[in-house]
Structures are given as structure tokens and as C-alpha cells.
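Coordinate analysis (summary)
Spelled out, the chains give:
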Amino acid sequence: MSQSVDRALTLLGSLGDGPVTLEQAAGSIGVHKSTALRLLRTLEEHGFVHRLSDRRYRVGGRVLSLAQRALQEIDVRQVAAPYLAALNERCGCTVQLAVLQDDEVLYLDELAGRWSADPGRPTRIGRRASAAGTAIGRVLLAGAATTRAGNPTADALAADLAAVRHRGWAADSAEHREAVTCVAAPVAGSDGRAVAACAISAPADRMPSAELLRLVPELLCTAEAVSLAYGGSPTPRWCENRCGARPAARASRT
């Protein structure tokens, strides 16, 4: 490991015990104050360290933001797992769960469908994809409103995302440049905004787009169930006959 990276991470870890002075920071990693100051300033520029008015240093908001995001991602995967498994069993399609990270789709979970051409094919778990180029990504973008108008491509995407927000789901007939059909729906957090999205997909030659669209109620039901279990406030679409979700059974994440 790079010595500078090692020192910076060690220093950042030491701030977990509370604010420190420059002298204390230097002592925690065994370097001169000038070296510690350079590391602290670099960490401060990236938001990982915050300098207090009394010249002490504490953990910055960027660390808290990343930690919260990581907890949410792990939590939502655990909460969603049984609902995704049930959806996969009911429809026989590939089922996925993803979040938006750094303007890209990050896949958290995937269950292969019965039509998987290659059972040994690596899953998308941990992989990234273009948000704008996938149905699951556009569902997440629709909630994040990260597009900017000003050119034909951006304007077209903005119009598409507005339609996705209004409809509550997105579809794609060539998901991630593969010959598959896909539909995706958002998982809502406590503030009603999308914290994740789930999708179902199948090979286009086995399940045409029109046939997959018939599964949208199943998908919306699952997304609703996951949202409720996660403690979110989704638009009511739950259906007890499909997934067993009950509005009164909302779980706490604490």
C-alpha cells in the first residue's frame, strides 16, 4: 500500500475517537506536523475531514454520507431478498436489485431466470452499467432528477424520465445492449424517493416486450412490498394475493 494512503487512512480512522489537534494527528501516525497537515488538508478538500474553529479536526460529512449510503445498500438488499426470490419463482424471469451510485447503476443482487442461456455466466452483482441506457437506471434517475436540459439528448432523456416518474416504472427492449426485454420499478425510502430499484428481464426471443409488460403488476407489487418492509412510503400498489404485503406490517430498520 502507498505510504501516503496508509497514513491518510490511519489518520482518518483515528478521528473516529473524536476531534484531534494537529499535534495529536501527527502523533497518531508518527510523522512531523507538516506531513500531517498536508494529509489533513487533502482529506479536508475531499470532505473526509472538517476543521473546527478551535483548529482541531474531526470526521467530515463525506464519511458520514458514504457510511449511510453503504448501510442503506446493504440493508435494502437484505430486506428485498425474500421478495425478489418469490418474484423470481412466480415469473421465472431474471430478477435484479440495483442502486444509483456516482450516476451509474450498481447491481446489488440478481436471481437468474429459467431461460438463462448460460447457467455459469457471472451475475451482474457488483457490476456497474450506464444509468440512462437501462430501464432500472432510468427508474433511479427519474427519482434523482440528475439530468440537465440544454441539448437534444439531455432534453429527450429528461422527457423520458418525466414519463417514467408519472408511470411509476420503466421498460426497455434492449436492456444494457443485450437481446433481452426488461421492466423496472422503484423501491421507496422513508421520504418517498427511490432508494433502489428492482427489475425483471428475459431473453427477447423467449418473452417479447408485450408479454413481459403483463408482469408489470407483479413487479409493482414486489417493489411496494420491499418499500413497505424497508420502512418507506411508496405509492400504494400492494396486492396481498401476490406478495403478502400489508400496509400495517411496515418494519423498522432500527
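The sections below set out a description of the structure shown in this document. As the structure is a prediction and not an experimental result, all values here were calculated from the model. (Residues numbered from 1 in each chain as written. Predicted model: local features only at pLDDT ≥ 70, side-chain atom pairs only at ≥ 80, totals over all residues. Heavy atoms only, no water.)

1. Here's the deal with the side chain of Asn88
- With respect to the secondary-structure elements, Asn88 resides in helix α4 (residues 61-91).
- Taking the relative accessible area as the measure of exposure, Asn88 reaches 17% and is therefore buried.
- Non-local contacts of Asn88, meaning those with residues more than four positions away in its chain, are made with Cys93, Thr94, Val95, Leu111, Ala112 and Gly113. (Helix = DSSP H or I, 4+ residues; strand = E, 2+ residues; numbered from the N terminus. Buried < 20%, exposed > 50% of the residue type's maximum accessible area, 1.4 Å probe, protein only. Contact = heavy atoms within 4.5 Å.)

2. A few points about the packing of aromatic side chains
- Overall, the coordinates contain zero aromatic pairs when judged by the stated rule.
- Sitting over the ring of Trp169, Arg167 keeps its end group 4.6 Å from the ring centre. (Phe/Tyr/Trp six-rings, centres within 6.5 Å; stacked < 30°, edge-to-face > 60°. Lys NZ or Arg CZ within 6 Å of the ring centre and 35° of its normal.)

3. Observations concerning the pairing of strand β7 (residues 180-188)
- Along β7, eight of the nine residues are buried, which leaves the element largely enclosed by surrounding structure.
- Note that strand β6 (residues 170-172) and β7 share three bridges and pair antiparallel. Its bridge partner being in β7, Ala170 is matched across the sheet by Ala184.
- Sheet topology places β7 next to strand β8 (residues 194-203); nine bridges connect them, and they run antiparallel. Along β8, the bridge assignment pairs Cys182 with Ser201.
- Taking the residues that link successive antiparallel strands as the turn, the β7-β8 hairpin has five residues, and the phi of Gly192 there is positive, at about 85°. (Pairing = 2+ DSSP bridges.)

4. Details of the sheet that holds strand β4 (residues 104-111)
- Pairing is antiparallel across the open sheet formed by six strands, whose spatial order is β5-β4-β3-β8-β7-β6. The sheet is open, and its two edges are formed by β5 (128-130) and β6, each paired on a single side. Going from strand to strand, the sheet's axes swing by 30° on average, the running direction of each strand aside.
- With five bridges joining them, strand β3 (residues 94-101) and β8 adopt antiparallel strand pairing. Across the sheet, Leu97 pairs through a bridge with Cys198, a residue of β8.
- The strands touched by helix α5 (residues 135-144) within the sheet are β3, β4, β6, β7 and β8, with β3 carrying the most contacts at an inclination of about 40°.
- Seen against the sheet, helix α8 (residues 216-230) touches β7 and β8 and runs at an angle of roughly 30° to β7. (Axes fitted to C-alpha atoms, helices over the stretch in contact; angles between N-to-C directions.)

5. Remarks on the nonpolar core
- Within the largest apolar cluster, 30 residues are counted, with the highest numbers of intra-cluster contacts made by Cys93, Leu97 and Ile200.
- Every element with two or more residues in this core is listed here: α4, β3, β4, β7, β8 and α8.
- When residues in this core are grouped by element, the largest group, seven residues, is from α8.
- Apart from residues no more than four positions distant in its own chain, Ile200 is found in contact with Leu87, Cys91, Cys93, Thr94, Val95, Thr181, Cys182, Val183, Leu212, Leu215 and Leu219.
- Within the second largest apolar cluster, 19 residues are counted, among which are Tyr107, Ala131, Val139 and Cys182. (Core = buried A, V, L, I, M, F, W, Y, C linked by side-chain atoms within 4.5 Å.)

6. Points about helix α3 (residues 33-45)
- With 13 residues, α3 should cover 18 Å at 1.5 Å per step; its first-to-last C-alpha distance of 18 Å lies within 8% of that length.
- Listed in full, the buried residues belonging to α3 are Thr35, Ala36, Leu39, Leu40 and Leu43. Along α3, the residues classed as buried sweep out an arc of 130° about the axis, all on the same side. Facing away from the buried side of α3 by over 90 degrees, the exposed positions are Arg38, Arg41 and Glu45.
- Buried-residue contacts for α3 involve α1 (3-14), α2 (22-29), β1 (49-51) and β2 (57-59). (Expected span 1.5 Å × (residues − 1). Arc of directions from axis to C-beta.)

Any link to function would need more than the numbers given here.
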